[in-house]
Amino acid sequence: MSTQRKKGFNKWMIVVSCFFVMALIVGIIYNVFTIFTIPVTEGLGISRQSFSLAQTLILVVTIFVNLIISRMIDRYGLIRLFRIFSILTPLIYLGFAFVNNLWQLYTIALLVGIAQCFISMVPVSILLNSWFDRDIGLALGITFMGSGIGGMVLNPLVNAIIESLSWRHAFGFLAILMFVFVVPIGFFVLRLPPHPADGAASEPGTDGPSPAAEVADVVNEYLTTGKGVASDYKFWLLAIAFLCNGVAGYSIINFVTPYFRDLGYSSYYAANVMAMSMGLLAIGKVLLGLIYDRTSVRFATLLAIFAAFTGLGALCLAHYTWALIPLAFGNLLGSPAGTVSQPLVARGIFRPEDYSKVNSLFVSFYNIGMTLTPIIGNTIFDLTGSYRPHFIAMLVPMALCFFLFYFVLPRENSKASVEH
């Protein structure tokens with residue numbers, strides 16, 4: 001077997017493995033978490049806003065870790081970090097099954113947020129970017145489809161465990177599931193290619209600055225004007241666009257289960273609507289990735305944001321059964337923008353050597369928006385008794401997101417621009 005054929009085989013095996021990682025890490029930590037909203041708040045006697053803060057803490061620490069994660073990967077090695085945190089993440093997540101008060105819930109959330117950063121979005125994007133010169137959109141789409149498939153399969157299953165046993169048993173089941181699948185993938189399957197591409201992860205060096213100095217260097221490099229991408233106004237406008245997409249786009253998925261329960265539907269119906277959303281999200285990630293490969297960064301991104309706007313409008317009218325149709329469109333092409341668009345915009349617009357830094361920052365800005373979603377949504381719920389005013393309000397940042405992408409993304413950007 002030739003080296004090229006061997007590499008071709010290996011890289012798609014990497015994609016399949018990363019698919020399962022996304023299904024069992026992002027799918028569990030992000031896409032299944034809201035199904036615990038009602039049982040945990042009732043079990044611990046806390047408000048929904050207090051419970052949502054745990055989700056917010058996961059996202060907040062993700063923002064700060066992502067600022068330095070590319071430098072840590074350069075120093076310590078992507079695969080080495082993945083292996084360590086593939087063990088730590090499920091062990092920490094298991095702690096949710098034993099919480100009895102808020103400070104325990106928040107402590108576990110903070111630790112889960114830190115640990116999952118090293119085995120989810122940014123490292124997976126860097127790993128795939130190091131393997132693929134062509135079809136990167138398809139590879140990312142298949143990989144990120146995992147989080148949607150994970151949510152689709154696990155939401156009804158977790159709901160059944162909660163109703164037949166308890167929410168504590170459900171958390172324990174998910175932690176065991178993570179450990180059994182992700183640890184072997186990290187130790188026996190994932191690897192870097194023999195010659196990583198520009199901007200991709202590489203083997204760590206033996207020397208380097210102290211961790212404190214690394215943080216200072218990264219912050220200085222990212223935030224000092226006139227240096228690198230920080231001096232490019234387009235970078236900041238795109239960052240704001242991803243922030244708006246985070247706060248508004250994440251709303252399409254985040255409140256589905258409690259929202260449909262509040263509308264009078266059964267927990268079974270609400271869990272299946274969430275499963276439908278996750279299934280369409282999964283399919284949409286592959287479809288959106290193909291659209292990026294076959295058209296342009298501009299067209300694909302604007303299409304995704306338009307779909308997300310449609311999905312938000314559908315949730316405003318969710319008391320009508322026909323609203324499930326535009327909601328499905330939003331789930332299919334709008335929700336995938338939360339994971340597929342950042343690496344492809346970074347790859348298509350910026351220099352290869354800036355890829356890992358730009359991508360990690362775009363992910364951080366998107367996560368900043370996501371941190372605001374549960375805070376805003378649950379605060380509005382506590383004040384009004386409904387999530388519908390939140391969905392109406394979120395139409396504004398989603399419209400701003402569309403305008404920023406329309407203004408910044410180059411019209412001449414074509415398929416060639418995403419294939420370096």
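Everything below is about the structure printed above this text.
Residues numbered from 1 in each chain as written. Predicted model: local features only at pLDDT ≥ 70, side-chain atom pairs only at ≥ 80, totals over all residues. Heavy atoms only, no water.

Digging into the nonpolar core
With 138 residues, the main nonpolar core has Phe-36, Tyr-93, Phe-96, Val-158, Phe-260, Phe-362 and Phe-405 as its most contacted residues. Per-element tally for this core: the top contributor is helix H15 (residues 297-316), with 11 residues. Apart from the residues lying within four places of it in its own chain, the contact partners of Val-158 are Val-32, Ile-35, Phe-36, Ala-170 and Leu-174. (Core = buried A, V, L, I, M, F, W, Y, C linked by side-chain atoms within 4.5 Å. Buried < 20%, exposed > 50% of the residue type's maximum accessible area, 1.4 Å probe, protein only. Helix = DSSP H or I, 4+ residues; strand = E, 2+ residues; numbered from the N terminus. Contact = heavy atoms within 4.5 Å.)

Section: the layout of surface pockets
Quantified by volume, the largest pocket comes out at close to 160 Å³. In terms of lining residues, the largest pocket is bounded by 13 residues, among which Ile-35, Ile-38, Pro-39, Arg-261 and Ser-267 are the most central. Elements with a minimum of two residues in the lining of the largest pocket: helix H3 (37-44), helix H8 (136-164) and helix H13 (256-262). With four residues, H3 is the largest single contributor of residues to the lining of the largest pocket. For the lining of the largest pocket, the residue count by class is five nonpolar, five polar and three charged. (1 Å grid on protein atoms, 1.4 Å probe; cavity = no way out; pocket = protein on both sides within 12 Å on 5 of 7 lines; lining within 4 Å. Points joined across faces, edges and corners; volume = space filled by probe spheres on them. Nonpolar A, V, L, I, M, F, W, Y, C, P; charged D, E, K, R; others polar.)

Quick look at the packing of aromatic side chains
Considering all chains together, one arrives at 30 aromatic pairs under this definition. Here the aromatic rings of Trp-12 and Phe-132 are separated by 5.0 Å at their centres, their planes lie at 80°, and the arrangement is edge-to-face. Residue Trp-12 is located in helix H1 (residues 3-24), and its partner Phe-132 is located in the loop between helix H7 (121-131) and H8; the two are separated by 120 residues in the primary sequence. Members of the aromatic cluster, joined through ring pairs, are Phe-255, Tyr-259, Phe-260, Tyr-265, Tyr-269, Phe-381, Tyr-387 and Phe-391. Over the ring of Tyr-406 we find Arg-298; its NZ or CZ atom is 4.6 Å from the centre of that ring. (Phe/Tyr/Trp six-rings, centres within 6.5 Å; stacked < 30°, edge-to-face > 60°. Lys NZ or Arg CZ within 6 Å of the ring centre and 35° of its normal.)

Topic: the packing of H8 against helix H14 (residues 267-294)
The relative placement of two packed helices is expressed as an angle between their axes plus a distance between the axes. One way to put it is that H8 packs onto H14 with a least axis distance of 6 Å and a crossing angle of 175°. With respect to their mutual orientation, H8 and H14 come out roughly antiparallel. A per-class count over the contact of H8 with H14 returns 17 nonpolar, 10 polar and three charged. (Axes fitted to C-alpha atoms, helices over the stretch in contact; angles between N-to-C directions. Parallel < 35°, antiparallel > 145°, perpendicular 65-115°, else oblique.)

What about the side chain of Arg-298?
By the secondary structure assignment, Arg-298 is in helix H15. Since its relative accessible area comes to 8%, Arg-298 is described here as buried. Setting aside chain neighbours within four positions, we find Arg-298 in contact with Phe-405, Tyr-406, Leu-409, Pro-410 and Arg-411.

Regarding a nonpolar patch on the surface
A cluster of nonpolar side chains, contributed by Leu-91, Ile-176, Phe-179, Val-180 and Phe-181, occupies part of the molecular surface with about 470 Å² of accessible area. Counting residues per element, the nonpolar patch draws most heavily on helix H9 (residues 167-188), which supplies four residues. (Patch = residues over 30% accessible without salt bridge, like charges linked within 9 Å, V, L, I, M, F, W, Y side chains within 5 Å. Areas by Shrake-Rupley, 256 points an atom, 1.4 Å probe, with all protein chains shown as cover. Salt bridge = Lys/Arg side-chain N within 4 Å of Asp/Glu carboxyl O.)

What to know about the environment of Ser-386
Within the secondary structure layout, Ser-386 lies in the loop between helix H18 (355-384) and helix H19 (388-408). Taking the C-alpha atoms as reference points, Ser-386 and Pro-258, separated by 128 residues in sequence, lie 9.9 Å from one another. Within the local environment of Ser-386, its side chain forms a polar contact with the backbone nitrogen of Arg-388, the two atoms lying 3.0 Å apart. (Polar contact = N/O pair within 3.5 Å; in protein donor to acceptor, adjacent residues only side chain to side chain.)

Quick look at empty space enclosed by the protein
Applying the stated rule across the entire model yields three cavities of 30 Å³ or more. In this model, the largest cavity occupies a volume close to 300 Å³. Around the largest cavity, the lining is made up of 23 residues, and of these Val-26, Gly-338, Thr-339, Tyr-366 and Met-370 lie nearest the centre. For the lining of the largest cavity, the secondary-structure elements that each account for two or more residues are helix H4 (48-76), H7, H14, helix H17 (337-349) and H18. Ranked by residues supplied to the lining of the largest cavity, first place goes to H18 with four residues. Within this model, the second largest cavity holds a volume of roughly 70 Å³. Every residue along the wall of the second largest cavity is listed here: Phe-33, Thr-34, Thr-37, Arg-48, Phe-51, Ser-52, Gln-55, Asn-254, Phe-255, Pro-258, Asn-378 and Tyr-387.

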